[in-house]
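If you want the building blocks of each chain, they are given just below.
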There are 4 protein chains.
Amino acid sequence: MSSDFGKMIRVSLFGESHSAAIGAVISGVPAGEYIDIEAVDAFMARRAPGQGAHTTSRREADRPVILSGIADSVTTGTPIAAMIENGDARPSDYVRFSDTPRPSHADYPALMKYGAAHDIRGGGHFSGRLTAPLCFAGAVCKQILARRGITVGAHIASVGAVRDEPFDPVGISAETLSALSEKSFTVLSGKAGERMLEEIRLAKEDGDSVGGVIECAALGLPPGVGEPIFDGVENRLAAALFGIPAVKGVEFGAGFKAAAMRGSEHNDGYVCDGGTVRARTNNGGGIAGGLTTGMPVIFRAAFKPTPSIAREQRTVNLREKKNAALIIGGRHDPCVVPRAVPCVEAAAAIVLLDLILEHHSSCKCESRVE
Amino acid sequence: MSSDFGKMIRVSLFGESHSAAIGAVISGVPAGEYIDIEAVDAFMARRAPGQGAHTTSRREADRPVILSGIADSVTTGTPIAAMIENGDARPSDYVRFSDTPRPSHADYPALMKYGAAHDIRGGGHFSGRLTAPLCFAGAVCKQILARRGITVGAHIASVGAVRDEPFDPVGISAETLSALSEKSFTVLSGKAGERMLEEIRLAKEDGDSVGGVIECAALGLPPGVGEPIFDGVENRLAAALFGIPAVKGVEFGAGFKAAAMRGSEHNDGYVCDGGTVRARTNNGGGIAGGLTTGMPVIFRAAFKPTPSIAREQRTVNLREKKNAALIIGGRHDPCVVPRAVPCVEAAAAIVLLDLILEHHSSCKCESRVE
Amino acid sequence: MSSDFGKMIRVSLFGESHSAAIGAVISGVPAGEYIDIEAVDAFMARRAPGQGAHTTSRREADRPVILSGIADSVTTGTPIAAMIENGDARPSDYVRFSDTPRPSHADYPALMKYGAAHDIRGGGHFSGRLTAPLCFAGAVCKQILARRGITVGAHIASVGAVRDEPFDPVGISAETLSALSEKSFTVLSGKAGERMLEEIRLAKEDGDSVGGVIECAALGLPPGVGEPIFDGVENRLAAALFGIPAVKGVEFGAGFKAAAMRGSEHNDGYVCDGGTVRARTNNGGGIAGGLTTGMPVIFRAAFKPTPSIAREQRTVNLREKKNAALIIGGRHDPCVVPRAVPCVEAAAAIVLLDLILEHHSSCKCESRVE
Amino acid sequence: MSSDFGKMIRVSLFGESHSAAIGAVISGVPAGEYIDIEAVDAFMARRAPGQGAHTTSRREADRPVILSGIADSVTTGTPIAAMIENGDARPSDYVRFSDTPRPSHADYPALMKYGAAHDIRGGGHFSGRLTAPLCFAGAVCKQILARRGITVGAHIASVGAVRDEPFDPVGISAETLSALSEKSFTVLSGKAGERMLEEIRLAKEDGDSVGGVIECAALGLPPGVGEPIFDGVENRLAAALFGIPAVKGVEFGAGFKAAAMRGSEHNDGYVCDGGTVRARTNNGGGIAGGLTTGMPVIFRAAFKPTPSIAREQRTVNLREKKNAALIIGGRHDPCVVPRAVPCVEAAAAIVLLDLILEHHSSCKCESRVE
C-alpha cells in the first residue's frame, strides 16, 4: 500500500502527475541541523528537466515549498514536509484512464490493481516526477551526512554501449565526487561524455530512447554499519534504489562480474596501514556480511531505456478488446540516466543516514559518527 | 538491529553457528493451510550439504523441529516456530573471536559493530547456516502459493564462465520448474551441468572457490500485485535476496542488459490473446512500475565465490596490529551456488506470499488469488 | 522519531503551530472510494474552535487543501495528502524557545530532547492543532467504514464531576450515534449537557480549566477482527488514542470498574439469537482476547484539564536557573473535551479501517466486510 | 497478523497452550551485555504458578532454554531466542475446537477469525502462558536498564475493592521497588495484602474469580525520552500492556481522576532543585506531550476477573446452534493479578529499553543513558 520507507528516517512520498502537488514528509531527521536551502535547490536542479539538448524541453517549476520541520534553515526535529505544486493539474479535458496502455509503463498493471478510478494520466503516482520530492529528501540527508564526514556521489557509468571510466574502488576521493557534482553532464571522462551525448542524440533522431548505468560511491562510513540478514546495507540500498522508475538491476562491488571470479581473485585481504586496518582490494564494494568494511561503498544501478518513445508501438484497446497501435505524444527524454544521477545519490543518502542513526542506537559512543 | 522481514508474513530468523539452535518464527501465515511436512523436508534437503562431490562433506542434521503454529499438519493461524539444533554447539576450546579476520567475511565488520563479545565463530549469525530456517519458511510459503496457482522455481544460470540455457521469459512453464526441482543438479541443460561440475571440481583442486548466478521464475501471479515506489515487487524481492550470504547483484528481466538497449527493442508491447491481455515479449521480467504485469516474473541473483578457500590469504592480526597470513581450516563448499537454489526460491516465495496477502487486503474479491 | 502510524492504512502527520502548514499523508486507502468532501468539512468543523461560549474565540481557517490521492471526489489508491495553511506562520517577533517552560506542556521535555533549535512556540509539533489533520484522515476513513456498515460515534461522558448517561453497551444503535454527530454539544442527555457547560463556564471565570471523559462506540464490526497479543483491537486503539494531546487513560468495556468485579458478574455469556450468536452482556466492550466479538466496541478516553490556564503558575527560568512565575497569555479553551469528540472518532476510524483491511488479507471472502 | 512488537528492540512471541513449546525471539539487544541467568529465573519465578494458596496448583516447568544470542552469559548482539517446552503438548484425546465457547475468552472470536483449524484448546496462542516468554524478554531488558540506572517495579494496587497504598509519585525510590520484588505477595502494605488474600480466598470458595489493578513505576529516565504523537511513552506502553491477557484499562499519573480535576490543581509546576529542574507534583505520571519529564513514570493497568470460573455459565453450542450450559473443568487462578505483576514490569522494561535506544539514535552523546 505504501510509498513510505525507512526506519529511523522515514520518507513518505505523495502526489500524482496531475494532482495539485507532489511532495514528501521526512520524519526522524535530528534536530538542530543547519540546512542550506540554496544547496538543496542546486541539488534538485541537477534532476530538473530542460538543462540541455539531451533532456526534455518541458519546463517544471520544481522548487519545493517547505511546509514544516525547518525553521530559520535549521531542523526542528519534527517531521519535515515539502511540496512542489503541479502547474498543469486538473485539465479541463479530463480523461482518467486511457484505453490503450503504454507498453512497459505502469498503466496496465495499475489499472488491474486500482480499477478505473485510478488516475494514471502522465504516470500518476508512478510518474518519474515523484523523484523530485525524493531528491528533496536526499538533499537534506546528504548535507547531514557531509557534516559527519560521509560523502555520496555518482556518475553516469554507461549510456547504451558507451562507458565512462569506472570509479577506483579503493582510491576514489571526496574531491572527485565533489567535482562530479559540479558538472552539467556527470562523467569522469569528457570524451566518454561526448560519445554518450551523441548516443542520446541518435536515439532521439530515431524517435527512440536508450538506457544506461549509474555508479555511486559513499565515502567515510565507519566499519560495522548495517544490520544482519534482511537489514544489511545491500538490502536497504537495493530496496530504495528499485523505487526509482526504470531501475532493473542493482549490484555492489564486482557485482555480476563476481559470479565469474575465483575466491582467490575476489577476496579482499586486509592490510595494516599505519594504525588502521583496511582492505587491499574492494571487490565487495565496501560491504561484507551486509556490514560496511570501512572501504568505499560502491554500487551500480541499471536503467532500462525509458518506455516513452515517439515511434508507433503495439498495444491493445482494453475497451474494444482488440489489438491497437499507439503513438505517445508530447516530448520525452530520450535518456533518463543523466537526470537520474541525483536520484541515485538521494536514495543512497537517505538509506545511509537511516543506517547511521540505527547504528548509533546501540553502538558505543566512541564509534559514533558526529 | 533486526533479522526479521516482511509485512503480512513476517519472518524472524535467529541463531548462530555455535548456538544451541537456529530457527525461524513466521507470523501471518493464514489459518487452515495444510502443510506437507515431507515436502518441506525434501525442499530443505536440496539445501543440505553432503549431497555430492561439489558440496562440503560436513554432515548437518538440518531437520527442523516444529515448535508451534502447525497442528496435525495444518496451520493454526498463529506464529509458526521451528528450530534446528546445532550438533556442535559450545565446544570446549571456546574462542569467541579470532585475531585474524577472514577476508570478505563478516568477521571484521561484525567485530567493529558488536565488539569482542560477539561470537563470530563459524560466521555467527552471519553464517550461511541461517539459510536453513529461511528455507523452512520458504517451503511453507511455497506450498501455500502452489495451492493458489503460483509456482516458484530456479536454476543455476552460471558457474564461473559456464552458462546454462536461460529461462524462456514468455513461455516458461510450471512443468519445467517442477522437473527442475527434482534434479540433483538444478540446470536445464545436462551438458552445461557437467561443465559446471567440472568447473567446481577444478576450483576445489586449486584450493579455491567459484561464483555463479541463479535465475528464478514465478508463474501464475495476476497483474497488479505490488505496491508503489518503495514496496514494488522488485524492491521487496531485492531486499530479501540480499539477505542470502554472497549475493552481490540482483536484476529483473533483461536487467543490466536493458541498460544497453533501445526503448523500441526493450518495450513489451501488449497483444489480445483470446479474451486476455498479455505482453508479446517480457524484457521487464513480468514487472512494470513495480507491479506484476501477469507475465512470468523473472530475476537473477549473482553470487560471489565463497570467501572460505583453502589457500593462504593475507589478513591482519588485530591484537598485534600487524600483517598476517591466514589459512582457513575445515572443509568448505568450493561453490555455494547449487545449494543456494532453494534459498533463492525460499526468499522469493516468502516475498510473493507477503505481497499477495497485502494485495488481498485492498483489492476486490474477484481479483483475489484463492 | 515518528509521527506516523498504522499498518495497512498509514497516517503521517506533519506541521508545527507556526510552520507554513500542517497536514497529513494517508497511504493504503483503497482505490475507487467516493469521498464526500462536504461531509469531511462538516466533520472537521466539529473540531474547529470558535463554535460557542465554551471554546476559544480564536479563528482558524481549518479547511484542508487536498494535494493528491483524491481526484473528482474519488480515491485513486495512492497516497492522499492534505494540508491546512497556518495563518499566523513566521511572526516577526520570532522567539524560538521560551525560557520559562509551561507546566504540564511538552515545552521542557521537548527542549531536553531536541535542544534549543526546536520550535516549541504554541506547542510546536505537540500542539493540539495537529488533531486537525488527524480529523481529516479520520473523516476519510469514517466514510469508507460507513459504506461497509461500520459506524463510529462518541459523546462527552463527563466534564469535571458532571456525567452524561453512558452508552448502552448492548443496545446502542447507529441512529443514536448519527443523531449525536448533529448536536452542537455532543451529549445524550440535554440536562447533563447544560450542567457541563456551566462547569466549563465556572472554570473559565476562575481562569482555570477542567478535564473530562469521552466515550466512543463502533458498531457493525464482524467477530474476529484484530490480531493476537500486541496487535489486538485494544492495543491498536490505545496506541492511537494516546496520540491525542491530554489523553491520560484509556479503558474498554467495564474498564477500571472490571477490576473490582467478580468473574461471574463480568463474564459475557453467549446466547443464540435467531441464527446468530451474540453476548448477553458486554462488559468486555466488544473485545475478547484482543479480537472483536461482534458486540459494539465501547471504550473511554480520559482527558486531563488543558494545562493552558490564565492563572499565574510556578515554573523555572532555565536561562537564569531560578524559580519563576508564569502567566500564559492569549485565549485558550477552558475545556478541550467538546472539541476532542471528533478527534476520538477519527483515531478510532483510522485504526478500525486499518484492522479491517488487515483482516481481509488473510480471511476467507465470505467474512469480508464490503 | 503479528505477535511481534517494538522498533529497536523487537520481541516476537510464539507458541500455543498445547504446541511443543512457547518462546520468544528478541532482536536489537545491544552486544556485550552481561545477563544474570539466575536473576532471569528468579524474575520468571514470580510469574510461575503454584506459589501459594492464591494461585493455581498446576505445575509448569517454565525454565527457558536459551537457543541463541547469549554466549557465556553475554549478549552477542544478534537475536536472542528462548523456548519453554510444553509438558502436556499433543494429548491423545485431541480436540481442536470446542463447540461451546467459554464466555469472555478468545474462543469464539478466534474461531470466527481462523476457522476450525485453529487450536484454541487452553487458549491456544491467546493463553496467559504466553506471558512466560514475555517475562523472559522483560527480564533481559530489565537488567540492561538497571545497568543504565533505570529501575522498573510494580505492586498490586487493588484486588476487588481492597486497595494497597499508592506509590508516592514524587518520592518513590529504587529501594522501595527493589524491596517489593523480593516479596511473595507484592504489596506496600502488609495489612492490605492480607485483606487481598482473603478476597481471593472468598472468590475461590465461591467458584468465582476477582479482578484488580497493578501500579508500576519506572525511575531514572532522563527527560525527553519518547517520540511525538503516535510514538509517545504512553502510546508505546499502552500498546504493550494491552498485550497482557485480561488488561482492560491503562492510565498514566492521575489518569481517569485527572478528568475530574481543574488545571490549576493538576498542572505540575517546575522548581529549581539545586542545579536541576524537577516538577513539584507528578499528576502527569512523568510524561508530558508523550515525552518523559524526568519525574518517575507512573501508570496503572486494570485487570478484569479471569473468565475461567468453576461456576456453570451460559453459552451456546455452535454445532447445534442452540443455547447451552458450560462448566469449565481444571484448576484455575481465582485471581491472575499477583502473577501478572512481573508481566507488567516486563512489558514496561521492553518498551522503555526500546525508547531509550531510539532516543540514543538521534540525541547528543551527553544525554545518552550509559
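Our subject is the structure listed above.
Residues numbered from 1 in each chain as written. Chains lettered and ligands numbered in written order. Predicted model: local features only at pLDDT ≥ 70, side-chain atom pairs only at ≥ 80, totals over all residues. Heavy atoms only, no water.

A.B. asks: Mind laying out the sheet that holds strand β1 (residues 4-5) of chain C, listing which residues take part and the relevant values?
C.D. replies: Residues and elements named next belong to chain C. Across the sheet, which stays open at both edges, the five strands sit in the order β1-β2-β3-β7-β4 with antiparallel pairing between neighbours. In this open sheet, the two strands that pair with only one neighbour each are β1 and β4 (65-68). As paired strands, strand β2 (residues 10-14) and strand β3 (residues 21-27) are joined by five bridges and run antiparallel to one another. Bridge pairing links arginine 10 to serine 27 in β3. Contacting β2, β3, β4 and β7 (80-85), helix α3 (residues 131-147) crosses the sheet at an angle of about 30 degrees to β3. (Pairing = 2+ DSSP bridges. Helix = DSSP H or I, 4+ residues; strand = E, 2+ residues; numbered from the N terminus. Contact = heavy atoms within 4.5 Å. Axes fitted to C-alpha atoms, helices over the stretch in contact; angles between N-to-C directions.)

A.B. asks: Describe the pairing of β3 of chain C, and please don't skip the residues or the numbers.
C.D. replies: Residue and element names in this part refer to chain C. By the criterion of burial, β3 is predominantly enclosed, with seven of the seven residues buried. Side chains of β3 alternate between two faces, with Ala21, Gly23, Val25 and Ser27 and Ile22, Ala24 and Ile26 buried alike. Counting the residues in the hairpin turn of β2 and β3 gives six residues, including glycine 15, whose phi is positive at 115 degrees. Summarising the sheet, β3 and β7 pair through six bridges and their orientation is antiparallel. Each residue of the ladder has a partner; that of isoleucine 26, found in β7, is isoleucine 80. (Buried < 20%, exposed > 50% of the residue type's maximum accessible area, 1.4 Å probe, protein only.)

A.B. asks: Tell me what's going on with the sheet that holds strand β16 (residues 297-303) of chain D, and back it up with residues and numbers.
C.D. replies: Taken together, ten strands build an open sheet; the order of strands is β9(C)-β8(C)-β10(C)-β16(C)-β11(C)-β11(D)-β16(D)-β10(D)-β8(D)-β9(D) and the sheet is antiparallel. Both outer strands of the open sheet, β9 (162-163) of chain C together with β9 (162-163) of chain D, are each paired with one neighbouring strand and no more. Relative to β16 of chain D, strand β11 (residues 247-252) of chain D runs antiparallel, the two being bridged by five bridges. The residue bridging phenylalanine 252 of chain D from the neighbouring strand is phenylalanine 299 of chain D, located in β16 of chain D. Sitting on the sheet, helix α6 (residues 233-241) of chain C touches β11 (247-252) and β16 (297-303) of chain C together with β11 of chain D, and the angle it makes with β11 of chain C is about 160 degrees.

A.B. asks: Break down the relation of the copies chain B and chain A for me, with residues and values.
C.D. replies: Here chain B sits on chain A after a turn of 180 degrees about the axis and a move of 0.0 Å along it, with an RMSD of 0.0 Å. Both chain copies can therefore be described as sitting about a two-fold axis. Interface overlap between copies: 100% of the residues of chain B at the interface are likewise at the interface in chain A, consistent with a symmetric, same-surface contact. (Least-squares fit on C-alpha atoms with pLDDT ≥ 70 in both.)

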